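# Descriptive analysis of the structure
The primary structure of each chain is shown beneath.
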Amino acid sequence: MGPRRTPCADRSPDPRRRLSVHRFRFRTAWDLDAPPDRVYAVLAHAEDYPRWWPQVRRAERTGGHTGTAYIRSALPYTLRVTTAELLSDPRGGILEAALGGDMEGWARWTVRPRHGPGGTTGTRALYEQEVEVRSPLLRRLSAPARPLLHLNHALMMRSGRRGLARLLAGPPEAV
């Protein structure tokens, strides 16, 4: 069975598009010591993220391919994010979702084998996100607090990588 893609607006980053103060782009790579299919399997179940990612406080499916997550990192603000699956391609290693709620845009995981001396040594999971903040508070803060918001995101991603690495280091049945 091939990938399932839901049609939507273009989600690819366009470097010609001027970023507003309310728009954010993030790109983070995680190197993990586990096979790509195992990493993909964990990332494909966003409702389980709170088990291993401390900043994802709650995540739940609201429909077959939709969900809601509540996320809080170092800043004292909880984001409410709705998700709608756009692409689920295990063979290609791609998971993509449209985001709504306190921020609107898209997020994508790309899971690939990581090669090193002697062959495959694990997985590289690339996370990309482009969003525009919608929450009135975040819109007011997005210009003056931009560096702080980027730092907040970086801390959250670092913690997520650590949590996922711990989970993957356990027995396969734990995943």
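To start, this report covers the structure provided alongside it. This is a predicted model, so every value here is computed, not measured.

Scoring rules and cut-offs
- All residue numbers refer to position in the chain's written sequence, counted from 1.
- Owing to the predicted nature of the model, reporting of local features is limited to residues with pLDDT of at least 70; listing and counting of side-chain atom pairs is limited to 80 or more, with chain, interface and lining totals taken over all residues.
- To obtain the side-chain values, all non-hydrogen atoms of the structure were used and water was disregarded.
- Helix and strand assignments come from DSSP, with helices taken as H or I runs of at least 4 residues and strands as E runs of at least 2, each series counted from the N terminus.
- N or O atoms within 3.5 Å of each other form a polar contact, as long as, within protein, one can give a hydrogen and the other can take it, and as long as residues adjacent in sequence are counted only when both atoms are side-chain atoms.
- The criterion used for residue contact is that any of the two residues' heavy atoms lie within 4.5 Å.
- Buried, partly exposed and exposed residues are distinguished by accessible area as a fraction of the type maximum, computed with a 1.4 Å probe on protein chains only: under 20%, between the cut-offs, and over 50%, respectively.
- The rule for pairing is simple: two strands pair if DSSP sees at least two bridges between them.
- Put simply, two rings from Phe, Tyr or Trp (the six-membered ring, in Trp's case) pair if the centres are within 6.5 Å, and we call them stacked under 30 degrees between planes, edge-to-face over 60, tilted for the rest.
- Only Lys NZ and Arg CZ are tested; either one counts as a charge over a ring when it is within 6 Å of the ring centre and within 35 degrees of the ring normal.

A word on the side chain of Ser-73. The residue Ser-73 is located in the loop between β4 (66-71) and β5 (79-89) in this model. Side-chain polar atoms of Ser-73 contact the backbone oxygen of Asn-152, separated by 3.2 Å. Those residues in contact with Ser-73, other than ones at most four positions away along the chain, are Gln-55, Arg-57, Asn-152, Leu-155 and Met-156.

In terms of burial, strand β8 (residues 119-133) is largely enclosed, as 11 of its 15 residues are buried. The sheet contact formed by strand β2 (residues 23-32) and β8 spans 10 bridges and is antiparallel. The partner of Leu-32 across the bridge, within β8, is Thr-123. Examined bridge by bridge, strand β7 (residues 103-116) and β8 share 14 bridges and lie antiparallel to one another. Of the residues in β8, the one forming a bridge with Pro-113 is Thr-123.

A complete count under the given rule lists eight aromatic pairs for this structure. With 5.3 Å between their ring centres and 25° between their planes, Trp-52 and Trp-53 make a pair best called stacked. For Trp-53, a relative accessible area of 3% gives the class buried. One aromatic cluster is present, built from ring pairs that chain together Trp-30, Tyr-49, Trp-52, Trp-53, Trp-109 and Tyr-127. Note that Arg-146 overlies the ring of Phe-24, its terminal NZ or CZ placed 4.1 Å from the centroid.

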